[in-house]
Amino acid sequence: MSSSQVPQLVHVLSPDLVSVHKKAVEVRMAATIRKNQHTRYFSESPVFAEFHGALRDFGREDDGDVSDDILLETYRTTIPLTTYESYEPFVKKFLADICQEDDVRDMFSPGLPHHIAVTSSTSSLQPKLYCKYRHQGSMRHSFGDGGQTFSTFSLHYCQLVRVQSCNGEIISTIPMGMHSSGALRMRNDLEVKNDHLNIKLAAEYRTFMLTHTLFALANSKIETISIIFATSVVDMIRFMEEENPRGPRIPSGNHFSPRRQLYQAELDILFSPISHHVQSGPLSFEQSVKQRTQPGWLVRIWPMLKTTISVSSGVFSVAVPKLRFYLGPDVHLRSFGFGSSEAFVVAVYDPSDLNLFKVTSQEIIEYLDVDKDENASSIIHPWLVEVGKHYEIVCTTCDGLWRYRLGDIVEIVGFDPTDGTPIIRYCERRKQCHYVMAGGILTESHITDAILAVQDTLAPIIEFTAITDSRDGVPTLGYLVEIMMILTTTHFKDPEAAKAPMKLHNELCRLNEFDARRMQVPTIRVLEPGTFGEYRQWRIEVTNSGSGQVKVPVLMSENAAREWMLSRVRMELGLDSNGGVVQG
């Protein structure tokens, strides 16, 4: 759908639209409850005891004739908000040395899971696990508008769970890894037993990106680039910039994995039979890369390129200016929508707007009013949400989550006039990125918006994270940034660059109405080029996760990750007692 075909939003639902949307939600909700109400988790967890007790009071818990009205009312009045705390003891049964079928069948949804999704542990120290099941009529995602697509989806898994029957026979092998990997397997019926040498299994991040890029370079008819995160597209561009027409080279250095010699050998083998294709076309690879300082140089490599699809909202929006520079004015930048290992939440509503989404019809999405108490009584039905207000997403899913708190805050901007579905913008994570200072609280949005506001003073920012900087004894916010330019001492002696920390200070105070006299001036440290791409590789190795899963937190709290970042600081901007630039 083009932007001109997108229906204009309505800001108040008519009675007819309320009726249409309410009916659709309630039909889906009743079906989900009936499907999962007898699963192990829902039947055995004490969290749901009130629901079962209420149905027993009706004398109907095991009676399939219970009406939808009774079922829905019981759900609304007895199901509390849930978190991973109640889910974890049940999903851990899949980690037993010998996973018995009787112990795990019908755990969260009928049958056995197709795969187990492992989170990236961006906002928590330990990854979380979520069982994902195959459901009839599951949505199939399509990327692009037809034509040939350059996509990078990994099939990597970190573990295989083998389920054994009472006779000792292995009846199911369940891959555990990124949800995007499992979903790709599910959509295309790719079973683990049929895995072979496949670039989508590559775990090393740079190798993963380069091998995909190599095959794409051999095809001048690419029309769509589809890479999960906008920051990963920037990594791909950087890797291309560092290469040469003789084939991709993996940089050496003490901070790189010793396995890279093996990866380099694999790259050489892959590159050899297609190298002559890479050199053909309107411009050779070498000639194209030499023109990378000109807007739109990717179109010189792929002349038919029309669209790039990536998650580009929230913290990933920082990569958009660089993408637009390299794509040029005629290539459309579109979003995937957003989801998580727990649930698929929204799809793109207007392709021209990277942060405008329509709530999915796959799951039951409810809304927790962020201005009210954090309990189920503060949940708002989707047909009752108000335009302009912020809500936390709460989901009940076919995979067996019940009023589960995702922690994502969204703003309601309107409703689809065809069916009354809420249209939203993503705002930030709730509480997991709050920084308390100067008597106030900085949210993820504050931290992001402030650093983006100083780009005209500092330099265009490719990516950033923030830490607590306590070197002077008084904690302040410390930004670690990678910028879109060649670092030179001359640039940072420019009087304008000296203003960046104070401008950042003023912006943070403005965003949250802080008392500027109480708030310490934040620090800005500039990282080596390519740091965030290397961080993703380091994180993949540490967590044994797949390529493309790693996200950089807005506020980095893990000590090992902070130390890793700080070891790559090139120079620092700050204010001395005379208001001048301090360079590290």
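What counts and how
Residues numbered from 1 in each chain as written. Predicted model: local features only at pLDDT ≥ 70, side-chain atom pairs only at ≥ 80, totals over all residues. Heavy atoms only, no water. Pairing = 2+ DSSP bridges. Helix = DSSP H or I, 4+ residues; strand = E, 2+ residues; numbered from the N terminus. Polar contact = N/O pair within 3.5 Å; in protein donor to acceptor, adjacent residues only side chain to side chain. Contact = heavy atoms within 4.5 Å. Buried < 20%, exposed > 50% of the residue type's maximum accessible area, 1.4 Å probe, protein only. Axes fitted to C-alpha atoms, helices over the stretch in contact; angles between N-to-C directions. Salt bridge = Lys/Arg side-chain N within 4 Å of Asp/Glu carboxyl O.

1. Examining the sheet that holds strand β13 (residues 364–369)
Logical step 1: Read from one edge to the other, the open sheet built from eight strands follows the order β10-β11-β12-β17-β16-β15-β13-β14, with strand pairing classed as antiparallel. Strand pairing shows two members of the sheet lacking a second neighbour, β10 (338–339) and β14 (379–380), which therefore form its edges.
Logical step 2: Looking at chain direction, β13 and strand β15 (residues 390–396) are connected through six bridges and run antiparallel. Note that in β15 the partner of Asp369 across the bridge is Tyr391.

2. Concerning the side chain of Asp469
Logical step 1: Here Asp469 shows up in strand β20 (residues 461–469).
Logical step 2: Here Arg525 takes part through its side chain, which lies 3.2 Å from a polar atom of the side chain of Asp469.
Logical step 3: Each residue touching Asp469, except ones within four places of it in the same chain, is listed here: Val474, Pro475, Thr476, Gly478, Thr523 and Arg525.

3. Thoughts on the environment of Lys22
Logical step 1: Summarising the element assignment, Lys22 is placed in helix α1 (residues 15–36).
Logical step 2: Classification of Lys22 as partly exposed rests on a relative accessible area of 34%.
Logical step 3: Sequence separation of Lys22 and Asp419 is 397 residues, and the distance between their C-alpha atoms is 9.7 Å.

4. Quick word on the sheet that holds strand β1 (residues 99–100)
Logical step 1: In space, the five strands of this open sheet follow the order β1-β5-β6-β2-β3, with mixed pairing throughout. Every other strand in the sheet has two partners, leaving β1 and β3 (129–132) as the edge strands with one partner each.
Logical step 2: Pairing between strand β2 (residues 115–118) and β3: four bridges, direction antiparallel. Across the sheet, residue Val118 finds its bridge partner in β3, namely Leu129.
Logical step 3: Across the sheet, helix α7 (residues 179–188) touches β2, β3, β5 (157–164) and β6 (170–177), and the angle it forms with β2 is around 155°.

5. Some words on the pattern of salt bridges
Logical step 1: One pass over the structure, following the stated rule, counts 28 salt bridges.
Logical step 2: Note that Arg238 is salt-bridged to Glu482, the shortest N-O span being 2.9 Å. Within this pair, whereas Arg238 is found in helix α9 (residues 230–242), its partner Glu482 is found in strand β21 (residues 476–483), the two being separated by 244 residues in sequence. For the pair Arg238 and Glu482, one class covers both residues: buried.
Logical step 3: Across the salt bridge formed by Arg539 and Glu558, the nearest N and O atoms sit 2.9 Å from each other.

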